[in-house]
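Here is what each chain is made of, one letter per residue.
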Amino acid sequence: MSTYTQILYQIVFSTYRRTPSLKAEGREDLYRYISGILENKKCHLYQIGGIDNHIHIITHLHPAISLSSLVKDIKLATTEYIRKEKIFRDFEGWQDGYGAFTYDISARDNLIAYVRNQEMHHRKVSARNELMDLLREHEVGYDEKYIL
């Protein structure tokens, strides 16, 4: 018998100190690079997007891949890529930690639209408030001192 899963994740992580270093002109290159990482790990990418200080990834993880190792691999590889290719001059690295939330597959289209519209969304909601809203929505306990 094979392993069958359908776990839709929204993964969110920020730049170090939420520095607005992910400038618009380099983001598509970063997203393509992350897409390649996910493809190599046999994860299905539905959408990736963000703004200058954080990114969202909507994906299904391959059953052999742990969430924590995937995020670690993405952060390490993209940090090296960004520095080597010099696509974000002010990039200092990624923050410690990440947010990861699971959804029913029926939420997929809404999640894709949400991530595609990050620029517009953040005209109304700060990245900090967005994260706190996600944590409350998913009933994840948190300490505000760690929410930058």
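Up top you'll find the structure we're talking about.
Not measured: the values here are computed from a predicted model. (Residues numbered from 1 in each chain as written. Predicted model: local features only at pLDDT ≥ 70, side-chain atom pairs only at ≥ 80, totals over all residues. Heavy atoms only, no water.)

Turning next to the sheet that holds strand S2 (residues 44–51). Taken in spatial order, the four strands of this open sheet run S2-S3-S1-S4, and their pairing is antiparallel. Edge positions in the sheet fall to S2 and strand S4 (99–103), since each has one partner strand and no second. Recorded for the sheet is a direction-independent mean angle of 15 degrees between the axes of neighbouring strands. Examined bridge by bridge, strand S1 (residues 8–14) and strand S3 (residues 54–60) share seven bridges and lie antiparallel to one another. By the bridge assignment for S3, Ser14 is matched with His54. Contacts from helix H2 (residues 67–85) reach S1, S3 and S4, with the element oriented near 40 degrees to S1. (Pairing = 2+ DSSP bridges. Helix = DSSP H or I, 4+ residues; strand = E, 2+ residues; numbered from the N terminus. Axes fitted to C-alpha atoms, helices over the stretch in contact; angles between N-to-C directions. Contact = heavy atoms within 4.5 Å.)

Let us look at the packing of aromatic side chains. Counting across every chain of the model gives three aromatic pairs. Between Phe13 and Trp94, the ring centres sit 4.9 Å apart and the planes meet at 90 degrees, which makes this aromatic pair edge-to-face. Of the two residues, Phe13 is situated in strand S1 and Trp94 in the loop between H2 and S4; the sequence distance between them amounts to 81 residues. Considered together, Phe13 and Trp94 belong to a single accessibility category, that of buried residues. Taking the centre distance of 5.1 Å and the plane angle of 70 degrees together, the rings of Phe91 and Trp94 count as edge-to-face. On the accessibility criterion, Phe91 (8% relative accessible area) is buried. Looking at Trp94, the relative accessible area reads 9%, which means it is buried. Among the aromatic side chains, those forming a connected cluster through ring pairs are Phe13, Phe91 and Trp94. (Phe/Tyr/Trp six-rings, centres within 6.5 Å; stacked < 30°, edge-to-face > 60°. Buried < 20%, exposed > 50% of the residue type's maximum accessible area, 1.4 Å probe, protein only.)

Another aspect to go through is the nonpolar core. Ranked by size, the top nonpolar core spans 24 residues in total, and within it Leu30 and Ile57 carry the most contacts. Mapped onto this core, the elements with two or more residues apiece are S1, helix H1 (24–40), S3 and H2. With six residues, the top contributor of residues to this core is H2. If we ignore the near neighbours within four places in the chain, the residues touching Leu30 are Leu22, Thr78, Tyr81, Ile82, Ile87, Phe88 and Trp94. Within the second largest apolar cluster, 14 residues are counted, among which are Ile58, Tyr103, Leu111 and Val115. (Core = buried A, V, L, I, M, F, W, Y, C linked by side-chain atoms within 4.5 Å.)

A few words now on H1. If you check H1, its first and last C-alpha atoms are 25 Å apart, about what 17 residues at 1.5 Å a residue would give, namely 24 Å. The complete set of buried residues in H1 reads Gly26, Arg27, Leu30, Tyr31, Ile34, Ile37 and Leu38. End-on, the buried residues of H1 take up no more than an arc of 145 degrees, which puts them together on one face. Residues of H1 that are exposed and angled more than 90 degrees away from the buried face: Glu25, Arg32, Glu39 and Asn40. Buried residues along H1 sit in contact with S2, S3, H2 and helix H4 (118–121). Lys42, located one to two residues past H1, shows a positive phi value of around 60 degrees. (Expected span 1.5 Å × (residues − 1). Arc of directions from axis to C-beta.)

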